[in-house]
Amino acid sequence: MLRGFRNIARLIGIGRTLARYDLLDLLAVPGPLRFAIRLSGGYRNPAAARLRPGQRLAAALQEMGPTFIKLGQTLSTRSDLIGEQMAADLSELQDSLPPFSAAEARATVEAEMAEPLADLFASFDDNPVAAASIAQVHFAVTTEGAEVAVKLLRPNIEERFAADVSLLSWLTEWAERLRPRLRRLHLVDSVRNFEGVVGREMDLRYEAAAAAELAENFVNDPQFRIPSVDWRRTGKRMLTLERIAGIPIDEVDAIRASGVDVERVVARAAEAFFNMVFRDGFFHADLHPGNLFVGKQGEIIAVDFGITGRLDRPTRHFLGELLLGFLNRDFRHVAQIHFDAGIIPAKHSVDAFAQAVRSIGEPILGRPLHEISVARLLGQLFEVAHAYDLEAQPQLLLLQKTMLVAEGVGRILDPSVNMWQLARPLIEDWMAENLGARARLRESMSGMVETLHTLPKLVKNVERMTEVLRGGGVRLHSDSVKAIEEARKGGRIFPTWLPWAIVLLLAFLLLRR
């Protein structure tokens with residue numbers, strides 16, 4: 001009960017902000033609550049009328065603070081729920097707030113590391129170079145002389161986030177209770193997922209681990225670089241990375257003036273994105289221009305690893321078939337793989353869905369090559385597929401938003417190039433290697449060998465069970481025990497050498513093939 005009263009009071013305060021941006025109708029705020037908001041002084045700001053709904057929502061979320069900024073960024077990945085235009089507007093939500101003080105920054109360092117700041121850094125710049133909703137970044141020089149960037153969480157951000165998430169959970173629970181049709185959207189689960197994602201963002205050790213994993217994946221690729229982690233100066237509320245030097249990727253004139261081939265940078269970006277998604281199944285999911293730089297040799301340098309995504313192998317197979325199906329204009333195949341993967345229930349018609357796919361594919365794929373947006377195509381696909389009870393795939397939605405941002409970066413660098421067309425040969429080769437006849441044979445053999453490896457253990461387990469039965473550990477009829485013993489002595493249970501003989505025979509046949 002107390003939770004309810006506290007949340008209603010907070011909700012009215014949030015409602016006043018929504019009212020100023022003329023969002024009460026858009027968000028279908030119930031009549032009684034709307035009346036209470038109006039009584040408390042919630043009136044529309046006339047200037048809001050000049051903005052699109054998505055822009056008004058972005059401005060309101062910005063005003064409501066860190067948790068709601070992050071919520072807006074999450075919603076920007078759900079064009080299937082909120083529409084393409086609003087998702088695009090929310091993707092431009094500025095993740096920035098006024099910086100916290102230098103004294104608080106220094107206190108955070110010393111509290112996290114349990115050491116005086118002077119024992120860690122020879123110099124520490126009190127003026128932050130970036131101040132976002134959750135953390136801010138300071139440049140520093142370590143006592144060993146290394147130039148680094150130090151990311152620090154905002155004071156008390158965890159407590160504020162917990163209170164905001166409690167409110168969102170309460171709202172979605174009531175929404176699903178009052179409108180059962182909304183349960184299909186998994187709103188409560190979405191808030192839990194949002195809590196987990198942002199909660200991990202507020203433990204900077206996770207971001208350090210993501211940076212280290214990406215660096216390991218690209219250790220042999222000098223064209224895509226990740227700054228190294230200073231683990232000695234990293235903790236839950238503090239992350240220290242190698243300070244990088246480069247030109248922001250959206251400063252095209254400066255990149256050209258440095259002598260770097262811009263067209264080659266686009267190709268490197270496409271290849272790096274392909275490798276993250278298909279080769280590794282682990283991708284940087286916040287590739288906006290502020291997080292990408294171009295080094296002296298034309299290499300791409302990425303920073304800020306708070307948002308990452310993972311794709312398992314079946315999802316990568318699905319995505320590869322989906323992209324190639326669209327690029328080949330095989331709309332029937334695009335529809336069929338949704339049913340094969342169980343993403344759309346079998347009660348629907350494949351042909352009807354294929355027609356819906358064609359209705360969004362033809363207008364986009366019919367444009368000049370450099371104007372084709374595969375990310376926008378996927379966004380519209382997810383939106384249309386909701387009419388067919390599409391099961392939401394959070395990682396694919398996150399990938400779609402990442403692709404949209406990556407396309408924007410590619411067009412900034414060279415508007416005449418389509419980065420997905422550059423990546424197409426890589427995708428086709430990967431698909432042939434992982435879905436062709438050789439790949440299926442390799443997977444079948446791998447599964448067979450794995451099964452055969454378990455047979456000796458199975459035989460030992462049977463023999464052990466026989467001993468247990470003989471010793472009275474499990475009470476069975478004496479005839480049952482006698483039958484099992486005779487089967488073992490008579491050779492009707494596999495001898496232990498048989499699995500290894502089969503493995504050797506299969507290996508010999510495979511090598512000859």
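Residues numbered from 1 in each chain as written. Predicted model: local features only at pLDDT ≥ 70, side-chain atom pairs only at ≥ 80, totals over all residues. Heavy atoms only, no water.

**Q** Requested: an account of the overall build of the protein, with residues and values cited.
**A** On a plain count of helices and strands, the protein comes out with 22 helices and 11 strands. Across the protein, every contact between residues at least 6 apart in sequence was considered, and the portion connecting residues at least 24 apart equals 67%. On the protein, roughly 26300 Å² of surface is accessible, and the fraction owed to carbon and sulfur atoms is 56%. (Helix = DSSP H or I, 4+ residues; strand = E, 2+ residues; numbered from the N terminus. Contact = heavy atoms within 4.5 Å. Areas by Shrake-Rupley, 256 points an atom, 1.4 Å probe, with all protein chains shown as cover.)

**Q** How would you summarise the side chain of Lys401 if you had to cite specific residues and measurements?
**A** Mapping Lys401 onto the fold places it in helix 18 (residues 394-413). One buried charged side chain, Lys401, makes no salt bridge at all; its nearest oppositely charged neighbour is Asp286, positioned 4.4 Å away. Setting aside chain neighbours within four positions, we find Lys401 in contact with Gln73, Ser76, Thr77 and Asp286. (Buried < 20%, exposed > 50% of the residue type's maximum accessible area, 1.4 Å probe, protein only. Lys, Arg positive; Asp, Glu negative; His and termini not counted. Salt bridge = Lys/Arg side-chain N within 4 Å of Asp/Glu carboxyl O.)

**Q** Lay out the pattern of salt bridges in plain terms, naming residues and giving numbers.
**A** Per the stated rule, a full pass over the model turns up 22 salt bridges. Of the charged contacts, one joins Glu407 and Arg411 as a salt bridge, the two residues approaching to 3.9 Å between their closest N and O atoms. Of this pair, Glu407 and Arg411 are both found in helix 18, 4 residues apart, which corresponds to roughly one turn of the helix. Judged by relative accessible area, which is 28%, Arg411 ranks as partly exposed.

**Q** So, the sheet that holds strand 5 (residues 224-225): which residues are in play, and what are the values?
**A** With mixed pairing, 4 strands are arranged side by side in an open sheet as 5-10-9-7. At either margin of the open sheet sits one strand with a lone partner, and together these are strand 5 and strand 7 (247-248). By the bridge criterion, 2 bridges tie strand 5 to strand 10 (residues 300-302) in an arrangement that is parallel. Within the sheet, the bridge partner assigned to Arg225 lies in strand 10 and is Ile301. (Pairing = 2+ DSSP bridges.)

**Q** Please give an account of the packing of helix 16 (residues 350-365) against helix 17 (residues 374-385) that cites residues and values.
**A** Running from N to C, helix 16 and helix 17 point in directions that differ by 155°, and their axes come no closer than 10 Å. When the interaxial angle is binned, helix 16 and helix 17 end up roughly antiparallel. The handedness of the crossing between helix 16 and helix 17 comes out as right-handed. The segment helix 16 lies against helix 17, with Phe353, Ala356, Val357, Ile360, Gly361, Ile364 and Leu365 engaging Arg376, Leu377, Gln380, Leu381, Val384 and Ala385. Looking at the contact of helix 16 with helix 17 residue by residue, the classes come out as 10 nonpolar, 2 polar and 1 charged. (Axes fitted to C-alpha atoms, helices over the stretch in contact; angles between N-to-C directions. Parallel < 35°, antiparallel > 145°, perpendicular 65-115°, else oblique. Left-handed = near helix turned anticlockwise from the far one by under 90°. Nonpolar A, V, L, I, M, F, W, Y, C, P; charged D, E, K, R; others polar.)

**Q** Tell me about the nonpolar core, and name the residues and values.
**A** Across soluble globular proteins, nonpolar side chains show a tendency to be buried alongside one another. Grouped together as the largest cluster of nonpolar side chains are 115 residues, with contacts concentrated most on Phe273, Phe326, Phe353, Leu378, Leu399, Met403 and Leu413. Element by element, the count of residues in this core is highest for helix 13 (residues 262-280), at 11 residues. When near neighbours in sequence (up to four residues on either side) are disregarded, Phe353 contacts Ala335, His338, Phe339, Ile344, Leu381, Ala385 and Tyr388. Core analysis: the second largest hydrophobic core is formed by 13 residues, Phe100, Leu120, Val148 and Leu152 among them. (Core = buried A, V, L, I, M, F, W, Y, C linked by side-chain atoms within 4.5 Å.)

**Q** If you had to explain helix 16 to someone new, which residues and values would you point to?
**A** Note: α-helices contain 3.6 residues per turn, so residues at a spacing of three or four share the same orientation. Under the 1.5 Å per step criterion, the end-to-end length of helix 16 is 21 Å for 16 residues, consistent within 8% with the ideal 22 Å. Of all the positions in helix 16, only Val350, Phe353, Ala354, Ala356, Val357, Ile360, Gly361, Ile364 and Leu365 are classed as buried. Buried residues along helix 16 sit against helix 14 (313-327), helix 15 (331-340) and helix 17. If you check the start of helix 16, you find a side-chain oxygen 3.3 Å away from the backbone N of Asp351, and it comes from Ser349. (Expected span 1.5 Å × (residues − 1). Polar contact = N/O pair within 3.5 Å; in protein donor to acceptor, adjacent residues only side chain to side chain.)

**Q** Any chance you could break down empty space enclosed by the protein for me, citing the residues and the numbers?
**A** In the structure shown here, the tally under the stated rule is 6 cavities of 30 Å³ or more. The computed volume of the largest cavity comes to approximately 130 Å³. Forming the walls of the largest cavity are 15 residues, and the residues nearest its centre are Ala269, Leu287, Leu292, Ala406 and Met419. Listed by contribution, the elements that provide at least two residues to the lining of the largest cavity are helix 13 and helix 18. (1 Å grid on protein atoms, 1.4 Å probe; cavity = no way out; pocket = protein on both sides within 12 Å on 5 of 7 lines; lining within 4 Å. Points joined across faces, edges and corners; volume = space filled by probe spheres on them.)

**Q** Mind laying out the packing of aromatic side chains, listing which residues take part and the relevant values?
**A** Inspection of every chain in the model, using the stated rule, returns 8 aromatic pairs. The interplanar angle of 50° and the centroid separation of 4.7 Å between the aromatic rings of Phe218 and Phe224 together place this pair among those described as tilted. With centroids separated by 5.4 Å and ring planes inclined at 25°, the aromatic side chains of Phe274 and Phe278 adopt a geometry described as stacked. Of this pair, Phe274 and Phe278 both sit in helix 13, 4 residues apart, roughly one helical turn. (Phe/Tyr/Trp six-rings, centres within 6.5 Å; stacked < 30°, edge-to-face > 60°.)

**Q** Outline the pairing of strand 3 (residues 135-142), listing residues and values.
**A** The pairing of strand 1 (residues 121-124) with strand 3 spans 3 bridges and is antiparallel. Across the sheet, Phe121 pairs through a bridge with Thr142, a residue of strand 3. Of the pairings in the sheet, the one linking strand 2 (residues 130-131) to strand 3 comprises 2 bridges and is antiparallel in character. Each bridged residue has a counterpart across the sheet, and for Ala130 the counterpart in strand 3 is Val137. Adjacent in sequence and paired antiparallel, strand 2 and strand 3 are bridged by 3 residues.

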